[in-house]
Amino acid sequence: MRQMAWAGGLLAVAAVFALAGFTRGFSVTLAAALTLCIFSFLYKDNPFYKFAEHLFVGVSAGYYIILNFWTVIVPNLWDPLLATFKGDVGPGNAHRAWWEVVFGAQLGEYRYWLLLPGLFGVLLFTRFVPKLAWLSRWALAIIIGVYAGIKTTGFAQGDLVAQAEDSMRTFWIPGDVAGSLNNIIFTLGLVTSLVFFFFSKEHKGALGLTARVGIFFLMVSFGAGYGYTVMSRISLLIGRFQFLLDNWLGLVRF
Amino acid sequence: MAGAGRFEGFDRRWLFLVVWILVMVPLVRPLMLPLVVTPPAQAYHDAIEAIPDGSNVLLSADYDPGALPELVPMTKTTLRRLFSKRCKVVVTCLWNGGPGVVDQAVRSVAEGEFHLTDGEDFAHLGYKAGNESVMVLMGQGFANAFPNDYRGRPTAAMPIMQRVRDYGSIAMLVSISAGYPGTKEWVQQVQARFHVRMVSGCTAVSAPEYYPYLRSGQLLGLLGGMAGAAEYERVTGLTGPATRGMDAQSLAHVFVAVCIIAGNVLQWTRRRAAAGGARGQP
Amino acid sequence: MKREVPLLVTAVIGIFMILSFFVPHQAVSVPADFLLQCAVIVVAFGYVLGGANALRINIDLISKKAPNWQYKVVLLIGLLTMVVVGAVEGRAFQTPGTRFTWLYNQLYVPMQSTMFALLAFFIASAAFRAFRIRTAEAGFLAVAALLVMIGRVPIGNWATGWVQQLPPWLHWVQLPNVEEWIMNVPQNAAKRAILMGAALGVMATGLRVILGIERSYLSGEE
């Protein structure tokens with residue numbers, strides 16, 4: 001009986017797909033099929049979900065390879081190097097000194113200097129060969145150096161200085177009791193929360209009491225964050241249902 | 001207590017089914033609950049409207065298909081307002097998975113609704129790897145960082161790129177972002193360094209952490225999640241997919257709230273029963 | 001040599017990038033721009049490396065007939081299909097109407113969207129089974145979460161619409177106003193504290209990396 005119910009259910013689903021595929025097109029039906037394969041995980045792990053999951057991982061990996069090759073490596077590295085090489089072997093360059101040809105660079109035109117990032121990029125692949133893997137550290141060093149530098153200044157200016165500057169607010173705004181109260185509560189919350197993160201001294205006595213007040217402000221922020229996270233996740237589900245109802249089944253127009 | 005015991009080993013798939021129904025039904029039969037426009041969304045709208053007509057705008061759509069329902073509606077609504085003001089818009093995408101969906105959103109408005117010309121009235125520069133380093137690199141010229149556009153065509157020769165050259169030539173930076181890299185990095189690397197006017201639309205997960213930027217004035221407006229997108233649709237006089245999703249959002253939120261309360265009531269009931277049972281033992 | 005050269009490179013480049021923030025002269029800005037171009041290109045190679053690594057690992061698993069190796073074949077077919085089609089399409093591979101764009105729209109987009117959509121169900125399940133209020137702090141968290149969740153959506157405004165009948169000085173009690181106050185004042189204060197604390201941490205870590213005190217990125221090999 002149970003098997004008959006399963007068979008009947010699968011036939012019904014297949015019929016819906018066939019009908020939708022006939023009326024809405026193969027592309028949308030394929031997308032809907034993959035969507036439902038992944039949703040099937042809600043019942044339990046099954047071959048349809050595993051198939052879709054592995055297909056997704058493979059498609060993603062292949063997509064990232066092609067995307068980064070055609071949108072970064074070719075226009076930012078290959079094309080300028082090729083243009084430099086062609087330009088330098090052309091007529092009219094015989095009078096230029098060799099150091100000018102090789103090292104001459106200006107903003108946005110780095111000529112043969114671009115061989116360096118090309119080389120370091122290729123060196124990353126030495127990670128596949130254990131004996132040569134140490135060479136990939138040179139490429140990593142460039143990335144780490146650049147990001148350490150720009151993140152240090154970015155956080156300092158954008159998060160520390162600007163935020164501290166804005167935190168110097170008056171506690172009394174004439175004619176605006178609510179605004180004044182909000183500024184007081186805000187400053188109290190900011191200071192007590194910062195004190196909570198001060199771990200150089202044990203949280204006892206006045207420091208402990210201050211940190212405890214800070215914990216309550218932090219809990220309010222975590223609760224607000226949880227509420228917004230719920231909203232975000234539900235939104236993603238709404239989006240998929242809008243696709244299934246509109247693009248696939250054509251029941252509703254969004 | 002027999003009533004509390006019935007929830008022991010509760011199969012969570014029943015919860016999944018309730019969520020499925022509560023989200024699906026309002027999409028088919030809307031409840032038409034009234035939407036309120038919050039101050040951050042109003043501020044976003046006011047900042048966009050304050051841009052002088054015909055200005056240059058950089059819109060960085062940093063998201064992928066995982067954030068479509070929240071961010072595509074606000075991208076489209078923003079583009080509609082900008083194109084209505086005859087702004088020249090350059091679009092970038094710093095997320096791997098995003099350029100395709102961003103391009104569809106941009107073209108559906110630019111070409112589909114406003115019949116604008118790619119390369120003259122707008123440009124989609126596509127994706128570039130590097131996160132923050134791309135943002136700083138663009139400071140020396142957008143075409144410097146993006147030699148080709150989304151379709152592989154050279155950007156240096158495009159008419160729009162002759163006027164939208166760098167951060168000094170834009171009236172506004174609009175960041176529509178799903179996480180890292182996104183609004184936070186744009187604030188740190190571009191707004192703080194180059195002092196450009198900036199607004200942000202983001203996923204609801206990210207929104208709470210951008211409120212400090214809104215308060216400090218680093219962001220002039222903020223749209224948070226699908227609710228923010230719906231509010232922006234409302235304030236611009238539209239009823240789009242974000243607005244239509246808010247009824248389902250409402251019911252789902254109520255259900256999650258009921259789950260939290262019910263789960264804790266069940267726990268307290270069980271604890272009291274256990275304590276009462278322990279007291280009753282000889 | 002194997003560790004010292006990368007440390008030196010990191011230090012020099014890191015200091016130079018910090019310098020470029022303060023010095024606009026082209027003697028600094030042009031090399032800094034070049035270093036940023038290098039980072040962009042090397043990161044792109046990194047993504048290609050990641051994809052190639054996925055290929056290598058899964059070929060290995062298939063050859064060893066690891067458990068569920070059949071699904072790895074599906075993975076490889078997906079990966080190679082995208083690579084071959086993308087390579088053949090050329091630099092205009094993302095133009096609407098190409099085969100690559102079709103694969104992106106019908107395979108990548110729906111699957112990634114749905115993977116994230118699954119989380120909606122689990123968040124409801126976790127709210128019932130795992131969200132436990134055992135302390136006063138957790139109670140604050142829960143109350144804030146409930147007020148924000150309901151206040152942020154239209155039903156919160158609808159359910160407390162009767163507040164509009166009260167005197168104006170009581171209108172703040174309406175849920176959307178309560179939610180807005182929570183987000184603007186206590187939540188904002190704590191988030192700012194976290195932001196500033198994190199900024200100090202990142203600055204300290206950045207300087208440690210540049211000065212070679214933090215070496216974990218060299219991954220412990222000899």
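Presented here is an overview of the structure given in this document. Quantities reported herein were computed from a predicted structural model and do not represent experimental measurements.

**Some details on the nonpolar core**
1) Next: Counting 206 residues, the largest nonpolar core has Val23, Tyr63, Tyr167 and Trp186 of chain B as the members making the most contacts within it.
2) Next: Take this core: its biggest share by element is 17 residues, from helix α8 (residues 205-248) of chain A.
3) Next: Apart from residues lying up to four places away in sequence, Tyr167 of chain B is in contact with Leu58, Met135, Met138, Gly139, Phe142, Trp186, Val190, Phe194 and Val196 of chain B.
4) Next: Within the second largest apolar cluster, nine residues are counted, among which are Phe155, Phe186 and Leu190 of chain A together with Ala189 of chain C.

**Some thoughts on the interface of chain A and chain B**
1) Next: Each partner contributes to the interface: chain A provides 52 residues, whereas chain B provides 58 residues.
2) Next: Buried area between chain A and chain B, summed over both chains or domains, comes out near 4,600 Å², and the portion from carbon and sulfur atoms is 64%.
3) Next: Our enumeration of links across chain A and chain B arrives at two salt bridges.
4) Next: One salt bridge in this structure joins Glu132 of chain B and Lys151 of chain A, with 2.2 Å as the shortest N-O distance.
5) Next: Seen at the junction of chain A and chain B, the total is 22 residue pairs in polar contact (both at pLDDT 80 or more).
6) Next: Contributions of two or more residues to the side of chain A that touches chain B are made by α3 (47-89), α6 (136-167), α7 (177-196) and α8 of chain A.
7) Next: At 18 residues, α8 of chain A tops the list of elements feeding residues into the side of chain A that touches chain B.
8) Next: Its residues assigned to classes, the side of chain A that touches chain B shows 27 nonpolar, 17 polar and eight charged.

**Here's the deal with the pattern of salt bridges**
Oppositely charged side chains can pair when the atoms bearing their charge come close.
1) Next: As enumerated under the stated definition, the model contains 24 salt bridges over all chains in all.
2) Next: Notably, a salt bridge pairs Arg192 of chain C with Asp166 of chain A, separated by 2.8 Å at the nearest N-O pair. Residue Arg192 of chain C is located in helix α8 (residues 186-210), and its partner Asp166 of chain A is located in helix α6; the two belong to separate chains. Summarising the burial analysis for this pair, Arg192 of chain C and Asp166 of chain A share the class buried.

**Here's the deal with unusual backbone geometry**
1) Next: Tyr180 of chain B connects to Pro181 of chain B through a cis peptide bond whose omega is -5 degrees.
2) Next: The phi dihedral of Arg111 of chain A falls on the positive side, at around 50 degrees, and the residue is not glycine.
3) Next: Given a relative accessible area of 14%, Arg111 of chain A falls into the buried group.
4) Next: If you check the backbone angles, Met32 of chain B has positive phi at about 60 degrees while not being a glycine.
5) Next: By relative accessible area, which is 66% here, Met32 of chain B ends up exposed.

Parameters and conventions
Residues numbered from 1 in each chain as written. Chains lettered and ligands numbered in written order. Predicted model: local features only at pLDDT ≥ 70, side-chain atom pairs only at ≥ 80, totals over all residues. Heavy atoms only, no water. Core = buried A, V, L, I, M, F, W, Y, C linked by side-chain atoms within 4.5 Å. Buried < 20%, exposed > 50% of the residue type's maximum accessible area, 1.4 Å probe, protein only. Helix = DSSP H or I, 4+ residues; strand = E, 2+ residues; numbered from the N terminus. Contact = heavy atoms within 4.5 Å. Buried area = accessible area lost by both parts, 1.4 Å probe. Salt bridge = Lys/Arg side-chain N within 4 Å of Asp/Glu carboxyl O. Polar contact = N/O pair within 3.5 Å; in protein donor to acceptor, adjacent residues only side chain to side chain. Nonpolar A, V, L, I, M, F, W, Y, C, P; charged D, E, K, R; others polar.

Such coordinate-based values are descriptive only and should not be taken to indicate function.
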